[in-house]
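# Structural description and commentary
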Amino acid sequence: MRRIAVVGASAAGLAAAETLRREGYDGTLTLVGDEPEPPYDRPPLSKQVLAAEWEPDRLALRTPAGLAALDLDLRLGAAATGLDLVDRAVRLANGSEVPYDGLVIATGVRPRRLPGEGAHVLRTLGDALTLRERLSPGRRLVVVGAGFLGAEAAAVAWRLGAEVTVLEPAAVPLAHAVGADVGRMLARAHAERGVDLRCGVMVSEVTEEGVRLAGGEEIEADEVLVAVGSLPNTEWLDGSGLAIGDGVLCDEYCEAAENVYAAGDVARWYNPLFGTSMRIEHRTNAAEQGMAAARNLLAAREARKAFAPVPYFWSDQYDMKVQAYGYLRGHDEVAVVEGDLAERRFVAAYRSGDRVGGALAVGMAPKAIRQWRQAIVTGASWHEAVRSGV
Amino acid sequence: MKVELEADKCVASGQCVVAAMEVFDQDDDGIAILLTDEVGPELVDGVQEAAAVCPAAAIRLVRP
Ligand SMILES: Cc1cc2nc3c(=O)[nH]c(=O)nc-3n(C[C@H](O)[C@H](O)[C@H](O)COP(=O)(O)OP(=O)(O)OC[C@H]3O[C@@H](n4cnc5c(N)ncnc54)[C@H](O)[C@@H]3O)c2cc1C
Ligand code: SF4
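These notes cover the structure that comes with them. Once a new chain begins, its residue numbering starts again from 1 and follows that chain's sequence as written. Chains carry letters and ligands carry numbers; both start at the beginning, A for chains and 1 for ligands, and go up in the order they are written. Predicted model: local features are reported for residues with pLDDT of at least 70 only, side-chain atom pairs are reported and counted for 80 or more only, and whole-chain, interface and lining totals are derived from all residues. The basis for the side-chain values is all heavy atoms of the structure; hydrogens and waters are excluded.

Numbering of helices and strands runs from the N terminus, with a helix taken as a DSSP run of H or I at least four residues long and a strand as a DSSP run of E at least two residues long. Within chain A, the secondary structure is distributed over nine helices and 26 strands. Summary of the burial criterion: residues with accessible area below 20% of their type's maximum are buried, those above 50% are exposed, and those between are partly exposed, where the area comes from a 1.4 Å probe applied to protein chains only. Here chain A, with 390 residues, has 55% of them falling under the buried criterion. A contact between two residues is defined here by any heavy atoms of the two lying within 4.5 Å. Partitioning the intrachain contacts of chain A with sequence separation of at least 6 by distance along the chain shows that 63% fall at a separation of at least 24. Here the accessible surface of atoms and residues is derived via Shrake-Rupley with a 1.4 Å probe, and residues count as covered only by protein chains that are part of the display. Of the roughly 15900 Å² of accessible surface on chain A, 48% is carried by carbon and sulfur atoms. Taken as two groups, the 42 positive and 53 negative side-chain charges of chain A have centres that lie 5 Å from each other. Just so you know, the count uses Lys and Arg for positive and Asp and Glu for negative, and it drops His and the chain ends. A single reference atom marks each charge: NZ on Lys, CZ on Arg, CG on Asp, CD on Glu.

Below, the structure written as structure tokens:
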């Protein structure tokens, strides 16, 4: 293999490029990204950057020297617009083509939007800087969606003195993801601070004055942040012949077609550890999957390794650090196995079938959580793990 | 080789400990600590892995 292209120049794409070099690949390595900035990190956007604690230069994922050492054919501000699997070339918006022998797709996701104009979303550095300029004491911010992103932004805006209203369609925020009890615990954290969390509220439209609800009622706001989930960036692959369906569909090796791999938020792959296909929008997964895809691309076919990680996620809200391992979605039962929900110091375990599928902790020492990660890795039986406290 | 850790960037994910237990640990708040800042060749792979998976890009391996 003498020409490898990586499309998407963020966490997953950079990890792939770096791994290719580390594993000894010395051919042409093209990294294509549509954003103008060199690879930067996103989690701080809704935390330190929004809070104006960090300036953008702290987000760079690699120093200029570290990036230069990768000897990249770096195409920034260049969107990929098409893929030709037969002739093995990526088409770029400027009309040029990048021929490849091997390809890694890492184009991530973009925010879902609502009808109407003028709302903020929070995905890029530009988004974060624009929103932070508009947040100041007394400004009224409406956040649509009480998922992790919306909750983090609400917490920061509250800290900056804004008047924050959060509108959430579900009866309990994040209940589908973390269970109703943990969701209610997170909801209380908003309420205690005077952040107005309203559940069971459907926003139909963003207006000049704020938002309009499905029932017609209007809620006024100076700024509106829409945080209602995301869509995989796969349109550029339309017509290529790759299988797409809520992401680029991959096998357990992260392979989408011969010598074409996908990684990060855009990839839906079969995770053998959980026996199901998943698409994970977590920062650590982006790096790990980028590495795995790169290794498998270089390896002989029989030497490839299935990508079977325990997903990991963290979120900072107010004074709470939430950490979660595993695959919580679709769990059958939640049990608090250590500490106390009300005190916001606990570990909750998630049952999937008869095994431990996930664990979520707030305010616990790392060792307490690591044991549960281990229980997920080994596929520990639920009843034994809960009885013995792992 | 030398290991550098920017502890104020650390988000307490523990990925570094999973990748190289001989080099990294976490304090009670989860913030990473270096058990050693000089690593021999046998630990270099683990530290490189840690640097690559660290979600905060807080770890660097510096060649002398
Ligand atoms: C505000 C915010 C806070 C977050 N906080 C956390 C957190 O606390 N914990 C956590 O685990 N995760 C968090 N995440 C999620 C984490 O940032 C993502 O999982 C991670 O960034 C995914 O990396 P990626 O490389 O797969 O995709 P992305 O970071 O989305 O990168 C994809 C890149 O490809 C580019 N691209 C898209 N289409 C094209 C194209 N056609 N041509 C060229 N380039 C293209 C995009 O512009 C982008 O630069 C957060 C995300 C956001 C936005
Ligand atoms: S991997 Fe990075 S962020 Fe996670 S604990 Fe280690 S240093 Fe901190």
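A separate point is the overall build of chain B. When helices and strands are counted, chain B shows two helices and four strands. In chain B, the order of α-helices and β-strands from amino to carboxyl end is β-α-β-β-α-β. When we talk radius of gyration, it's over C-alpha atoms, and the globule rule is simply 2.2 Å times the number of residues to the 0.38. Over its C-alpha atoms chain B spans a radius of gyration of 10 Å, differing by no more than 12% from the 11 Å that the globule rule assigns to 64 residues. With respect to the principal axes defined by its C-alpha atoms, chain B has extents near 30 × 20 × 15 Å. Here chain B holds 64 residues, and 52% of them are scored as buried. Within chain B, residue pairs in contact and separated by at least 24 positions form 54% of the contacts whose partners lie at least 6 positions apart. Surface summary for chain B: the accessible area is close to 3000 Å², and the carbon and sulfur share equals 51%. Between the mean site of the 4 positive side-chain charges and the mean site of the 13 negative ones, chain B shows a separation of 11 Å.

Turning our attention to the interface of chain A and chain B. Taken together, the contact pairs 24 residues of chain A with 24 residues of chain B. Carbon and sulfur atoms supply 49% of the area buried between chain A and chain B, which totals about 1900 Å² over both sides. Whenever a carboxyl oxygen of Asp or Glu lies within 4 Å of a side-chain nitrogen of Lys or Arg, that contact is scored as a salt bridge. Our count for the chain A to chain B interface comes out at two salt bridges. The partner of Asp8(B) in a salt bridge is Arg58(A), and the shortest N-O contact between them spans 3.4 Å. What qualifies as a polar contact is a pair of N or O atoms within 3.5 Å, subject to a donor-acceptor requirement within protein and to the restriction that residues adjacent in sequence count only when both atoms come from side chains. There are eight residue pairs in polar contact (both at pLDDT 80 or more) connecting chain A and chain B. Elements that contribute at least two residues to the side of chain A that touches chain B include exactly helix H7 (283-298), strand E22 (312-317), strand E23 (320-326) and helix H8 (366-377) of chain A. When two parts are put together, the accessible area they lose, computed with a 1.4 Å probe and summed over both, is reported as buried area.

Attention shifts here to unusual backbone geometry. Residue and element names in this part refer to chain A. Of note in this structure, Arg88 is not a glycine but carries a positive phi near 55°. With respect to the helices, strands and loops of the structure, Arg88 is situated in the loop between strand E4 (80-84) and strand E5 (89-92). One non-glycine residue, Cys254, lies in positive phi territory at about 75°. For Cys254, the position within the fold is in the loop between strand E17 (248-249) and strand E18 (255-257).

With that settled, consider the site of ligand 2. We call a residue near a molecule or strand whenever a single non-hydrogen atom of that residue lies within 4 Å of it. Not every one of the 13 residues close to ligand 2 is listed here, only the nearest: Cys10(B), Ser13(B), Gly14(B), Cys16(B) and Cys54(B). Classes in brief: Ala, Val, Leu, Ile, Met, Phe, Trp, Tyr, Cys and Pro nonpolar; Asp, Glu, Lys and Arg charged; the others, Gly included, polar. Of the residues belonging to the shell around ligand 2, the class tally is ten nonpolar, three polar and no charged.

The subject of this paragraph is the site of ligand 1. All names here are of chain A. Taken together, 34 residues lie around ligand 1, and Asp34, Glu35, Arg42, Lys47 and Asp265 are the ones closest in. At 2.8 Å, a backbone N or O of Ala80 approaches a nitrogen atom of ligand 1. Listing elements by their share of the shell around ligand 1, those giving two or more residues are helix H1 (11-22), helix H4 (148-159), H7 and E22. By residue class, the composition of the shell around ligand 1 is 16 nonpolar, nine polar and nine charged.

Our next topic: the sheet that holds strand E6 (residues 97-99) of chain A. Residues and elements named next belong to chain A. Paired strands are those between which DSSP finds at least two bridges. Spatially, the three strands line up as an open sheet ordered E4-E5-E6, and their pairing is antiparallel. Edge positions in the open sheet fall to E4 and E6, since each of these has one partner strand only. Neighbour to neighbour, the strand axes of the sheet diverge by 20° on average, direction disregarded. Here three bridges tie E5 to E6, and the two strands are oriented antiparallel to one another. Residue pairing across strands places Val90 opposite Val98, the latter belonging to E6. Axis definition: a line fit to C-alpha positions, over the contact stretch in the case of helices; interaxial angles, taken between N-to-C directions, run 0 to 180 degrees.

Right, let's talk about the environment of Cys254(A) for a bit. With a relative accessible area of 0%, Cys254(A) lands in the buried category. Discounting chain neighbours no more than four positions away, the residues touching Cys254(A) are Val260(A), Tyr261(A), Ala262(A), Trp269(A), Gln289(A), Ala293(A) and Phe307(A).

In this section: the pairing of strand E2 (residues 28-33) of chain A. Residue and element names in this part refer to chain A. For E2, a buried count of five out of six residues is recorded, marking the element as mostly surrounded by other parts of the structure. Alignment of strand E1 (residues 3-7) against E2, held across five bridges, turns out to be parallel. Bridging from a neighbouring strand, Val6 pairs with Leu31 of E2. Looking down the strands as they point away from you, a crossover is right-handed if its path from the first strand over the helix to the second goes clockwise. Between E1 and its parallel partner E2, the chain crosses via H1, and the hand of that crossover is right-handed. Both E2 and strand E3 (residues 73-76) contribute to a ladder of four bridges, which runs parallel. Opposite Leu31, over in E3, you have Leu74 as the bridge partner.

Helix H2 (residues 41-53) of chain B packs onto H7(A) with a crossing angle of 125° between their chain directions and a minimal axis gap of 8 Å. By the angle class used here, H7(A) and H2(B) are oblique. Contact with H7(A), carried on its side by Thr284(A), Ala287(A), Glu288(A), Met291(A) and Arg295(A), involves Glu49(B), Ala52(B) and Val53(B) of H2(B) and no other residues of that element. Within the contact of H7(A) with H2(B), the residues separate by chemical class into four nonpolar, one polar and three charged. Each angle is binned into one of four classes, with values under 35 degrees roughly parallel, values over 145 roughly antiparallel, values of 65 to 115 roughly perpendicular, and all other values oblique.

We now examine the sheet that holds strand E20 (residues 267-271) of chain A. Backbone hydrogen bonds hold the strands of a sheet together, and the pairing may be parallel or antiparallel. All names here are of chain A. The strand order E17-E20-E21 describes an open sheet built from three strands, whose pairing is mixed. Edge strands, defined here as strands with exactly one partner in the open sheet, are E17 and strand E21 (276-278). Direction of pairing for E20 relative to E21: antiparallel, over a ladder of three bridges. Among the inter-strand pairings, Trp269 is bridged to a residue of E21, identified as Met278.

Honestly, it's all geometry; don't read function into it.
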